[in-house]
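# Inside the fold
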Amino acid sequence: MEGFKHKRVIVTGAASGIGKATAEQFIQQGAQVGLIDLHADELSQIKESFGAQVYAETVDVTDSQGLLSAITKLADAMGGLDILHVNAGINGTFTPIEALTIDEWDQTINTNLRSTFLSVKAAVPLMKANGGSIVITSSVNGNRVFSNFGASAYSTSKAGQVAFAKMAALELSRYNIRVNVICPGAISTNIDDRTDVEPAVADIEIPVDYPEGARPLKQETGVPEQVANLVLFLSSEAAGNISGTEVYIDGAESLL
Ligand code: NAD
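One structure accompanies this document, and this report is about it. All residue numbers refer to position in the chain's written sequence, counted from 1. Residues qualify for local features only when their pLDDT is at least 70, as the model is predicted, and side-chain atom pairs are given and counted only at 80 or more; totals for whole chains, interfaces and linings, by contrast, use all residues. Only hydrogens and water are removed before side-chain values are computed, so all heavy atoms of the structure are retained for them.

## Details of helix α5 (residues 152–172)
Between the first and last C-alpha of α5 there are 30 Å, a value that for 21 residues agrees with the 30 Å anticipated at 1.5 Å per step. Within α5 the residues assigned to the buried category are Ala-153, Tyr-154, Ser-155, Ser-157, Lys-158, Gly-160, Gln-161, Val-162, Ala-165, Ala-168, Ala-169 and Leu-172. Along its buried surface, α5 packs onto β5 (93–94), α4 (102–127), β6 (132–137), β7 (177–184) and β9 (246–249). Secondary structure is summarised from DSSP: a helix means a run of H or I of at least four residues, a strand means a run of E of at least two, and numbering begins at the N terminus for each. Multiplying 1.5 Å by the helix residue count minus one yields the expected span of that helix. Buried means the residue's accessible area, taken with a 1.4 Å probe over protein chains only, is under 20% of the maximum for its type, while exposed means over 50%, and partly exposed covers the values in between. The contact rule is simple, with two residues in contact once any of their heavy atoms fall within 4.5 Å.

## What about the pairing of strand β1 (residues 8–12)?
Along β1, five of the five residues are buried, which leaves the element largely enclosed by surrounding structure. Where burial is concerned, the two faces of β1 agree: the one with Arg-8, Ile-10 and Thr-12 and the one with Val-9 and Val-11 are both buried. When DSSP locates at least two bridges between a pair of strands, those strands are taken to pair. Here five bridges tie β1 to strand β2 (residues 32–37), and the two strands are oriented parallel to one another. Residue Ile-10 lies in a different strand from β2, and its bridge partner there is Gly-34. By the criterion used throughout, a crossover qualifies as right-handed when its path from the first strand across the helix to the second strand runs clockwise, the strands pointing away from the viewer. Since β1 and β2 lie parallel, the crossover through helix α1 (residues 17–28) that links them has a hand, and here it is right-handed. By the bridge criterion, three bridges tie β1 to strand β4 (residues 83–86) in an arrangement that is parallel. Across the sheet, residue Ile-10 finds its bridge partner in β4, namely Leu-84.

## Remarks on the pattern of salt bridges
Definition used for salt bridges: Asp or Glu carboxyl oxygen within 4 Å of a side-chain nitrogen of Lys or Arg. For the structure shown, the criterion picks out four salt bridges. The partner of Lys-73 in a salt bridge is Glu-57, with the nearest N and O atoms 3.8 Å apart. Here Glu-57 lies in strand β3 (residues 54–58) and Lys-73 lies in helix α3 (residues 64–78), a separation of 16 residues in the sequence. Judged by its relative accessible area of 46%, Lys-73 is partly exposed. One salt bridge connects Lys-166 with Glu-246, and the closest N-O pair in it is separated by 3.1 Å.

## Digging into the environment of Ile-182
Here Ile-182 is to be found in strand β7. The sequence separation of Ile-182 and Gln-226 amounts to 44 residues, and the corresponding C-alpha distance is 12 Å. Those residues in contact with Ile-182 that lie beyond four places of it in its chain are His-85, Val-135, Ile-136, Thr-137, Ser-138, Ser-139, Val-227, Leu-230, Val-231, Leu-234 and Val-247.

## Some remarks on the site of the ligand
Put simply, a residue is near a molecule or strand once any heavy atom of it comes within 4 Å of that molecule or strand. Looking at the ligand, there are 29 residues lining it, with Ser-16, Asp-37, Asp-60, Tyr-154 and Thr-189 nearest. Counted as a polar contact is a pair of N or O atoms within 3.5 Å, where, for protein atoms, one must be capable of donating a hydrogen and the other of accepting one, and residues adjacent in sequence contribute only when both atoms are in side chains. Ser-16 is positioned with one of its side-chain polar atoms (N or O) 2.5 Å from an oxygen atom of the ligand. The contact in question runs from an oxygen atom of the ligand to an N or O atom on the side chain of Thr-189, over 2.5 Å. Each accessible area value is a Shrake-Rupley result obtained with a 1.4 Å probe; residue values ignore everything except the protein chains displayed when judging cover. Burial of the ligand by the protein amounts to 95% of the accessible area it has alone, namely 830 Å². For the shell around the ligand, the elements supplying multiple residues, two or more each, are α1 and α5. Residue composition of the shell around the ligand, by class: 12 nonpolar, 13 polar and four charged. Under the scheme applied here, ten amino acids are nonpolar (Ala, Val, Leu, Ile, Met, Phe, Trp, Tyr, Cys and Pro), four are charged (Asp, Glu, Lys and Arg), and all others, including Gly, are polar.

## Concerning unusual backbone geometry
Even without a glycine there, the phi angle at Asn-176 is positive, about 60°. With respect to the element layout, Asn-176 can be found in the loop between α5 and β7. The class for Asn-176 is exposed, based on a relative accessible area of 56%. Despite not being glycine, Ala-252 has its phi angle at roughly 70°, a positive value. Along the chain, Ala-252 turns up in the segment after β9. Classification of Ala-252 by relative accessible area gives partly exposed; the value is 30%.

None of the figures reported here should be taken as evidence of function without further support.
Right under this line is the structure:
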């Protein structure tokens, strides 16, 4: 399939999980893809597997100037930008509010929310002449789910992304730039390995009657490829009238 031939795409958080699956699907469908992540080795591996149509910048998305210039450099290398998937994110530290340090709060908010603003800010001048699509990865957390105790910074960052996407969708519609936001439930990626859950979370937990392992739609956790399918659909011409909306991709688990 070459559904995205001639499209120029940037994906942040492209070295793992949802971002990696999305980048690979865009590449397989003929797009040129610019990858952004902290992890240079994983980016090189993707570049080596797919070759000439792939560009990469190793940058920390909390480094404002670094992120702005990485997006500009990748767009320059590809000759423009049509599609942006704002996806880099962390769970950060899960702990009670009174124990959460200011640095821990800032790390989560800056990685997830501030970088969303910066990525979109960098993309607007690159997309405004020809239009384009922006998809932001938020979460069920902060939007439909508030029972992940200790995740106050994470949930706040994810709620902020949805509000920002709606503001951006209206503001950027004059340039024919569509902005949508996806809210995955549990997806099998590396994100949990990098999560710091403090033992004190046990002190603030309120028991939630949620059967262990159960999912309404299927007795399985979601996989990154399913989320990538949604990002590609929202970025395609078939989604030409969809903007400013959030789409949940969670097997209906957040409705429990
Ligand atoms: P992941 O850990 O597998 O991948 C995230 C990628 O982002 C990693 O490659 C990591 O290096 C990169 N990244 C993190 N901090 C960065 C930084 N400061 N600068 C540059 N790159 C950075 O996780 P994932 O599950 O694929 O997460 C992707 C997005 O999906 C996140 O925004 C996350 O909040 C969201 N999400 C995930 C789930 C889930 O269950 N996995 C559910 C809902 C939402």
